[in-house]
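# Structure at a glance
Single-letter residue listing:
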Amino acid sequence: MDKNPTRYNVQLYIYDLSRGMARSLSPIMLGKQLDGIWHTAIVAYGDEFFFGGEGISSCSPGGTMLGPPDTVVELGETEVSEEIFMDYLSSLGESTYRGDRYRLFEHNCNTFTNEVAQFLTGRPIPSYITDLPSEVLSTPFGQILRPILDSIHIAPPGGNVINGGRNV
């Protein structure tokens, strides 16, 4: 057994889809301060991995139309090999994270990155990201907007779909 296994760096890329507008408008619209509308991705093995309405996708880091991330969080290191990781993603893409299973509030990019972060490092992503949907839905305006927002499938252009997307 190898006493010095190869370790791979794992990062969380955080993007504010509102481009700063949430900070300004959320107190008026929701009655509470939101610092952003977060899209997240995992960066490992030289690629960025994310989940959206097309399923699990990958691209070079910062390679979607969102451009470079607003924030990069170092999640730690993993001993999981790239081959095992890609098998894991393929399995997720055929089941839990198919494109047709995307739900803006309950099963989104942040749900995916949280699960993948825990698989790779044993640690979750920051709770201010995973708590955002409940923060929005806890407001009267959030409840009014929910039917409209539930129909939205976010899939940043520029990625390569790893799985069959909206396969049934």
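The structure contained in this document is the topic of the report that follows. Everything numeric in this text was worked out from a predicted model, so none of it was measured. (Residues numbered from 1 in each chain as written. Predicted model: local features only at pLDDT ≥ 70, side-chain atom pairs only at ≥ 80, totals over all residues. Heavy atoms only, no water.)

Moving on: a nonpolar patch on the surface. A cluster of nonpolar side chains, M21, L25, I28 and M29, forms an exposed patch at the surface whose accessible area comes to about 400 Å². As for its position among the elements, M29 is in helix α1 (residues 21-29). The class for M29 is partly exposed, based on a relative accessible area of 39%. (Patch = residues over 30% accessible without salt bridge, like charges linked within 9 Å, V, L, I, M, F, W, Y side chains within 5 Å. Areas by Shrake-Rupley, 256 points an atom, 1.4 Å probe, with all protein chains shown as cover. Salt bridge = Lys/Arg side-chain N within 4 Å of Asp/Glu carboxyl O. Helix = DSSP H or I, 4+ residues; strand = E, 2+ residues; numbered from the N terminus. Buried < 20%, exposed > 50% of the residue type's maximum accessible area, 1.4 Å probe, protein only.)

Counting buried positions over the seven residues of strand β2 (residues 38-44) gives seven, a clear majority of the element. Going residue by residue along β2, you find W38, T40, I42 and A44 tucked away on one face and H39, A41 and V43 tucked away on the opposite face as well. Pairing of strand β1 (residues 8-16) with β2, which is carried by six bridges, proceeds in the antiparallel orientation. Residue pairing in the sheet places I14 in a bridge with T40 of β2. (Pairing = 2+ DSSP bridges.)

Our next topic: the nonpolar core. Membership of the largest hydrophobic core comes to 31 residues, with the highest contact counts inside it found for I42, F85, L89, L92, F112, V116 and L120. Among the secondary structure elements, those contributing two or more residues to this core are β1, β2, β3 (47-52), α2 (82-94), α3 (109-121) and α5 (132-137). Each residue touching L120, except ones within four places of it in the same chain, is listed here: V10, I42, A44, Y45, E77, T78, V80 and F85. A41, F50, C59 and L66 belong to the second largest nonpolar core, which has seven residues in total. (Core = buried A, V, L, I, M, F, W, Y, C linked by side-chain atoms within 4.5 Å. Contact = heavy atoms within 4.5 Å.)

This brings us to the side chain of R98. Note on placement: R98 falls in the loop between α2 and α3. Judged by its relative accessible area of 11%, R98 is buried. Here D100 takes part through its side chain, which lies 2.9 Å from a polar atom of the side chain of R98. (Polar contact = N/O pair within 3.5 Å; in protein donor to acceptor, adjacent residues only side chain to side chain.)

Time to look at unusual backbone geometry. Even without being a glycine, R19 presents a positive backbone phi close to 55°. Locating R19 in the fold gives a position in the loop between β1 and α1. The exposure class assigned to R19 is exposed, which follows from its relative accessible area of 58%. Positive phi outside glycine occurs at Y45, with the angle close to 55°. The residue Y45 is located in the loop between β2 and β3 in this model.

Turning to the pattern of salt bridges, a few remarks are in order. Applying the stated criterion across every chain yields a total of five salt bridges. As a salt-bridge pair, D100 and R98 come within 2.9 Å of each other at their nearest N and O atoms. Taking relative accessible area as the criterion, D100 reaches 24% and is therefore assigned partly exposed. Linked by salt bridges that have partners in common, R7, E77 and E79 make up one network.

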